[in-house]
Amino acid sequence: MTTYRPTAWLGLLTLVVMFGSAFLLTKIALNDLPPLTIITGRIVVAALTLWCIVLYQRQAILELLPYWKIFLLLALTGNCLPFFLIAWGQQYVDSGLAGILMAMMPLVTIILAHFFLVNERITSSKAVGFGLGFVGILILMRPDIGADKATDWLLIVAMLSILSGAVSYAANSVIAHQLPKISLSLISLGVLSFSTLIITPIWMYFYGFNGLMESSDMAIYSVIILGVFPTGLATIVYFSVIRRAGAAFLSQINYLIPLWAVMIGVLFGNE
C-alpha cells in the first residue's frame, strides 16, 4: 500500500478548495459574460500572476525554451480546451452538478495511467475503489438525468461537454509526468503563457473588447479571482502534487471537489 506524505494531502485539499470554488465563480461570471471571454480573462490574469512570481524570484525564463512542445500540449489539454467545455456547459448546468460531473476524471485517469505510465498500473483494490466512486457519482446525478423526466437534449449536451472537459484534464495529468525537472513556477508560467497565446487571438476575433464595459463588477471580480487562485496559483500546486504523488493520487481530487462545489453552490449560489 502506497503511503503519501502530508504535503501531498495538503496540496490535494488546497486544490479541492480552489478548483471546487471555480464552478460557482464561473456561474457568477456567466450572468454577464460569454464563456470564451471568461476563460480568456481567467487565463490572462493567471499568466500575469505567474509572470509576477517568476520575475520576483528572478528565475531564468530562457530555461523554458527547450520544452515548448510539452507546454503547448499541456496548455491545450489543461487550460484552453477544458475551460471552454466546462464554462459552455455551465450555461445550462448548476455549478454543483458541474462539480459532480468532473468526478469522471479519476476513472479516465487510472485507465490512461495504466497504459501510458509504467509505475501506475491498475490494481484490483484501485479498480474497486474507483468503481464504487463512479457508482456514487451516478447516484448523485440521478435527479438530473432520471428516466421520469422528459429528455432535455440541451442539458444532456451540456453535461457531455463538462464530461469532455474532465477527460481532457485526465489526459493532462498523465502528460504532466513528462515535465522537465525545473522550477514549478517556471513550468506553470510556460503552460499559462502558451494558453494565453492560443486563446487571446481567438477571443479577439470573436469579441474584441465588446461587452467588457457592459459587464457587472461582480463578473469582473469573479474572473480576476478565477485567474489568480483556481488557475494561476493552483497550477503550481497541481504540478507539485503530480510530481510528488502521481496522476492517480491527484485524480482523487475530483471525488472531493463535488462536496465543496455543491456546498458553496447551495450556500452562496442559491442552488
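Residues numbered from 1 in each chain as written. Predicted model: local features only at pLDDT ≥ 70, side-chain atom pairs only at ≥ 80, totals over all residues. Heavy atoms only, no water.

Student: With reference to specific residues and values, describe the packing of aromatic side chains.
Tutor: Taken as a whole and assessed by the stated rule, the structure comprises five aromatic pairs. Between the aromatic rings of Trp-88 and Tyr-92, the centroid separation amounts to 5.3 Å while the plane-to-plane angle is 65 degrees, which identifies the pairing as edge-to-face. Accessibility expressed as a relative area gives 24% for Trp-88, which makes it partly exposed. The ring centre of Phe-83 lies 3.9 Å from the NZ or CZ of Arg-42, which sits over that ring. (Phe/Tyr/Trp six-rings, centres within 6.5 Å; stacked < 30°, edge-to-face > 60°. Buried < 20%, exposed > 50% of the residue type's maximum accessible area, 1.4 Å probe, protein only. Lys NZ or Arg CZ within 6 Å of the ring centre and 35° of its normal.)

Student: An account of the packing of helix H3 (residues 68-89) against helix H8 (residues 184-206) is needed here, citing residue identities and associated values.
Tutor: Interhelical geometry of H3 versus H8 gives an angle of 70 degrees and a closest axis separation of 8 Å. By the angle class used here, H3 and H8 are roughly perpendicular. In this structure, the crossing between H3 and H8 has a hand that is right-handed. Facing Trp-68, Phe-71, Leu-72, Leu-74, Ala-75, Leu-76, Asn-79 and Cys-80 of H3, the residues of H8 in contact are Ile-187, Gly-190, Val-191, Leu-192, Phe-194, Ser-195, Ile-198 and Ile-199. Here the contact of H3 with H8 is built from residues that sort into 13 nonpolar, three polar and no charged. (Axes fitted to C-alpha atoms, helices over the stretch in contact; angles between N-to-C directions. Helix = DSSP H or I, 4+ residues; strand = E, 2+ residues; numbered from the N terminus. Parallel < 35°, antiparallel > 145°, perpendicular 65-115°, else oblique. Left-handed = near helix turned anticlockwise from the far one by under 90°. Contact = heavy atoms within 4.5 Å. Nonpolar A, V, L, I, M, F, W, Y, C, P; charged D, E, K, R; others polar.)

Student: Requested: an account of a nonpolar patch on the surface, with residues and values cited.
Tutor: Where nonpolar side chains cluster on the molecular surface, the patch consists of Tyr-221, Ile-224, Ile-225, Phe-229 and Leu-233 and spans about 430 Å² of accessible area. The residue Ile-225 is located in helix H9 (residues 217-245) in this model. The partly exposed category is assigned to Ile-225, whose relative accessible area is 37%. (Patch = residues over 30% accessible without salt bridge, like charges linked within 9 Å, V, L, I, M, F, W, Y side chains within 5 Å. Areas by Shrake-Rupley, 256 points an atom, 1.4 Å probe, with all protein chains shown as cover. Salt bridge = Lys/Arg side-chain N within 4 Å of Asp/Glu carboxyl O.)

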